Every structure is written in structure tokens, then in C-alpha cells.
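# Reading the structure
Here are the chains, one letter per residue:
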Amino acid sequence: MSLQISKLSHALGAEICGVDLSQPLDDATIAAIRKAWVEHLVLCFPGQRLSPEQQIAFCSRFGPLDDHRNRPLWNRPDHPEVNIVSNKPQTIGGKKLMTLVADKWHTDMSFSNRSATASWLHALQLPEIGGDTMFANMYRAYQGLSPKMRVLAEQLQGVHDVGGAPDFHRYTPEVQAERKRNYPPVVHPVVRVHPESGRKGLFVGGFLKHFVGFTERESRPLIDFYNEFSTAPEFTYRHRWKAQDLLMWDNRCTMHFAVQDYDPTQLRVLQRCTLFAPVSGQYHDPNETDGIRKTAWSRTTAKQPATEASAPIAAAAM
């Protein structure tokens, strides 16, 4: 199968044509897509008509998918690997799903010790105008810093907290408490090395609450700087959705957010899958000098974190 790959912007992003993702793909095609994904960070496959089963079949070629068992508020009841991202509550198979509006720059699951690697979104229903998604290249953001600011960033460890979710305030107190039990704060380095490209990138975003060894007040100006600097126009790509687009992006070196520039009375519904990620962070303990919890998670005081409880439900093909 011959893939046609065209860049979408200077900073990041590429469109791939010449492939039907609803059909089984050979290993060589999957390898070529993965190579393009690592190179371009965000891929768009236009005009893909995919059922939930077909989306799962394609996405699981890149590894086991997260079954979101501790995040059931948005899962399809028949396919827990699939989240419904919608600006209005949806009912599927008798289950009412909550809205999910990610209107803050973030990396998927950075509040987890298994921060997401690959994410996929399939556009099912879109507003007439607007509803775009923006992406930022965190390699370019890191390289754009002055040498001394890069050195400072490499010395910092960030504490990410689920309470920083863009839509956290919209949850009921019960749901907020449940989310905090399932996702205790975690520590990630502010500069990470991509395991496939070997390149360094900033790892910040809306879930970053403070730095280890710093108070929230002390951390906030620097967090704001890193987030604002990383999302400068020269580091970003704005995707204008078309029906049946499938987007695939690399959370290890990007941030994104959903632009709320559309009529809220119109539906915006997308279907998401996420790769089950390896451990990349450690649980936070403010009483430890390095901020890292030294003991195992206690199942007697709280639920096991979702990142430990979630199990792969599809075998890795690569």
C-alpha cells in the first residue's frame, strides 16, 4: 500500500492519504505509519468511516489499548476502550455518558504514572463552524528556550494533579473525590527524552501543579511561562476538523487543547482510543526530600490507582 504523506504545518502535523483504516493493514503499512507518527507528531487520516470495532482494530495494531476501567464516565458500555468526547451528554446502550471538554493545554493522562503515549480521535459529528483542536510541538518549545532556561528546566520535577483537569470544576463533589482517589498526584521530569526519537521535549501543561521542593506560589510564574512559551504560534498547528477525520498524536512530545469557538447548541462528538502506556512517572509524597513516594500504594486506604488497575485488553502487534 502506497501512503501519500503531506505536511500540514511547519511546526508539526502531516496528512496521510491512500489508506483505508477500516480494512486490515499489513505490518509494513503499520510500520510506515508509526515512522510518520514519530517524525510528524500528529497525523490526520481524512475520510475514514470507522465503526468502534474498526477503530479499535486499527489502534490496537500499535499496542494494547487502555480499557479506562477507572474512568468509566465517558466509556462506551459495549467497548470500554472507546471514550466519547462530546460537549453534551450522550446516551449509548442505556448508559448516560458525561461531557468531556478539554479546553486547556494539556498532555493526556499526565496526572497518571502512565502518561499517555498515543491518542486517536475520530470525528463523528461537528459544529458548522469552529471546534478546532490545537497542538504544540514540545521539542521545538524546549529548543526555543535559552541555554540557561533549558538547564533550569532539566533540573525540575513537576507534580501533576488530576484536579487541574480543564473540566474538573464541572464534576459533582462525589466524582471529584473519586477521581482524586483513583489518581493520586504524580511526579514527572519537566524535560523528558522521547524513547523512540531520542529528542528532548518539555513536559508541562494544565495538570502541572507545582515543582518538587517548591510551593505552588513559587512554582506558578515559571509554570505559566513554560506553558505560554510552549504554545507560541511558531510551535503550533491548528487542526480544522472535517467529518470522518481520524487524528493520531504523540502525547510524549505534544500538548493540545480543544478550541471553544463554536455554537454551544451544536453537537461536537468524537470517539477516542488511547494506548496503554508504560510507567513514566512516580507517585508524589510531599514529606520526602525528592518528592517520591517510597512505599507501595495502599489498597486499604484508597482504591488502586487507575493507572495500575487498567489492564491491556488487546495484544500488541508491534
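Notes on the structure in this doc start here. (Residues numbered from 1 in each chain as written. Predicted model: local features only at pLDDT ≥ 70, side-chain atom pairs only at ≥ 80, totals over all residues. Heavy atoms only, no water.)

## Things to note about the nonpolar core
The criterion, for reference: We call a set of buried Ala, Val, Leu, Ile, Met, Phe, Trp, Tyr and Cys residues a nonpolar core when their side-chain atoms join them within 4.5 Å. Accessibility here uses a 1.4 Å probe with only protein chains present; expressed as a share of the type maximum, an area under 20% marks a residue as buried, one over 50% as exposed, and anything in between as partly exposed. What counts as a helix is a DSSP run of H or I of at least four residues, what counts as a strand is a run of E of at least two, and both are numbered from the N terminus. Any pair of residues with heavy atoms lying within 4.5 Å of one another is described as a contacting pair.
In this structure, Ile 33, Leu 43, Phe 45, Phe 58 and Trp 120 are the most contacted members of the largest nonpolar core, which totals 28 residues. Among the elements of the structure, strand E2 (14-17), helix H1 (27-40), strand E3 (42-45), helix H2 (52-59), strand E7 (118-125), strand E15 (246-250) and strand E17 (269-274) are those that each provide at least two residues to this core. In terms of residue count, H1 provides more of this core than any other element does, five residues in total. Every residue in contact with Ile 33, bar those within four places of it in the chain, is listed here: Leu 3, Leu 25, Leu 43, Phe 45, Phe 58, Phe 62 and Met 248.

## Points about H1
Our working definition: A helix is expected to reach a length of 1.5 Å times the quantity of its residues less one.
The terminal C-alpha atoms of H1, which comprises 14 residues, lie 20 Å apart, in line with the 20 Å expected from a rise of 1.5 Å per residue. Thr 29, Ile 30, Ile 33, Arg 34, Ala 36, Trp 37, Val 38 and His 40 are the residues of H1 that are buried. Summarising the contacts, the buried residues of H1 are in contact with strand E1 (4-7), E2, E3, H2, E7 and E15. Looking one or two residues beyond H1, the residue adopting positive phi is Leu 41, at roughly 75 degrees.

## A look at the environment of Cys 59
Mapped onto the secondary structure, Cys 59 falls in helix H2. Sequence separation of Cys 59 and Thr 274 is 215 residues, and the distance between their C-alpha atoms is 8.1 Å. Sequence-distant contacts of Cys 59, defined by excluding residues within four places in its chain, comprise Leu 65, Trp 120, Cys 273 and Leu 275.

## Looking at the environment of Leu 270
Its place among the elements puts Leu 270 in strand E17. With a relative accessible area of 0%, Leu 270 lands in the buried category. Leu 270 sits 187 residues away from Asn 83 along the chain, and the two C-alpha atoms are 8.4 Å apart. The contacts of Leu 270, once residues within four sequence positions are left out, are Asn 83, Ile 84, Val 85, Leu 121, His 122, Ala 123, Leu 124 and Trp 241.

## Comments concerning the state of the cysteines
Applied cut-off: The criterion for a disulfide is a pair of cysteine sulfur atoms lying within 2.5 Å.
Tallied over the entire structure, the rule returns zero disulfides. Cys 44 carries a free sulfur, and the closest cysteine sulfur to it, the one in Cys 17, is 7.9 Å from it.

## A closer look at the sheet that holds E2
Hydrogen bonding along the main chain pairs the strands of a sheet, whether they run parallel or antiparallel. Filter applied, for reference: The pairing criterion for strands is at least two bridges between them, as found by DSSP. What counts as an axis is a line fitted to C-alpha atoms, over the stretch in contact for a helix, and the angles between N-to-C directions run from 0 to 180 degrees.
Spatially, E1-E2-E3-E15-E7-E17-E4 is the arrangement adopted by the seven strands of the open sheet, whose pairing is mixed. The open sheet has two edge strands, E1 and strand E4 (83-86), and neither has a second partner. Averaged over neighbouring strand pairs, the angle between their axes works out to 25 degrees when direction is ignored. Here five bridges tie E7 to E15, and the two strands are oriented antiparallel to one another. Residue pairing in the sheet places Ala 118 in a bridge with Asp 250 of E15. Of the strands in this sheet, E1, E2, E3, E7 and E15 touch H1, which is tilted by about 130 degrees from E3. Against the sheet, H2 engages E3, E7, E15 and E17, with an angle of about 35 degrees to E17.

## Comments concerning the sheet that holds strand E10 (residues 186-189)
With respect to topology, four strands assemble into an open sheet ordered E13-E9-E10-E18, the strand pairing being antiparallel. Unpaired on one side and paired on the other, strand E13 (208-211) and strand E18 (282-283) mark the two borders of the sheet.

## A look at the packing of aromatic side chains
The test is simple: In this analysis, rings of Phe, Tyr and Trp, with Trp reduced to its six-membered ring, are considered paired at centre separations within 6.5 Å, and the interplanar angle assigns stacked below 30 degrees, edge-to-face beyond 60, and tilted for intermediate values.
Applying the stated rule across the entire model yields eleven aromatic pairs. Here the aromatic rings of Phe 62 and Trp 120 are separated by 5.9 Å at their centres, their planes lie at 45 degrees, and the arrangement is tilted. With Phe 62 in the loop between H2 and E4 and Trp 120 in strand E7, this residue pair connects regions lying 58 residues apart in the sequence. Just as Phe 62 is buried, Trp 120 falls in that class too. Between Phe 225 and Tyr 226, the aromatic rings sit 5.7 Å apart at their centres with planes inclined by 55 degrees, giving tilted as the arrangement. Tyr 226 sits in the buried class, given a relative accessible area of 0%.

## Let's talk about the pattern of salt bridges
Applicable threshold: The salt bridge criterion pairs a side-chain nitrogen of Lys or Arg with a carboxyl oxygen of Asp or Glu, the two atoms within 4 Å.
Under the criterion given, the structure shown has 14 salt bridges. Between Asp 161 and Lys 180 there is a salt bridge whose closest N-O contact spans 3.5 Å. One end of the pair, Asp 161, is in the loop between strand E9 (157-160) and helix H5 (173-182); the other, Lys 180, is in helix H5, and 19 residues separate them in sequence. By relative accessible area, which is 9% here, Asp 161 ends up buried. The exposure class of Lys 180 is partly exposed, given its relative accessible area of 40%. In this structure, the salt-bridge partner of Arg 181 is Glu 178, at a minimum N-O distance of 2.5 Å. Residue Arg 181 and its partner Glu 178 are both found in helix H5; the two are separated by three residues, about one turn of the helix. Via salt bridges that share partners, Arg 34, Glu 196, Asp 250 and Arg 252 belong to a single interconnected network.

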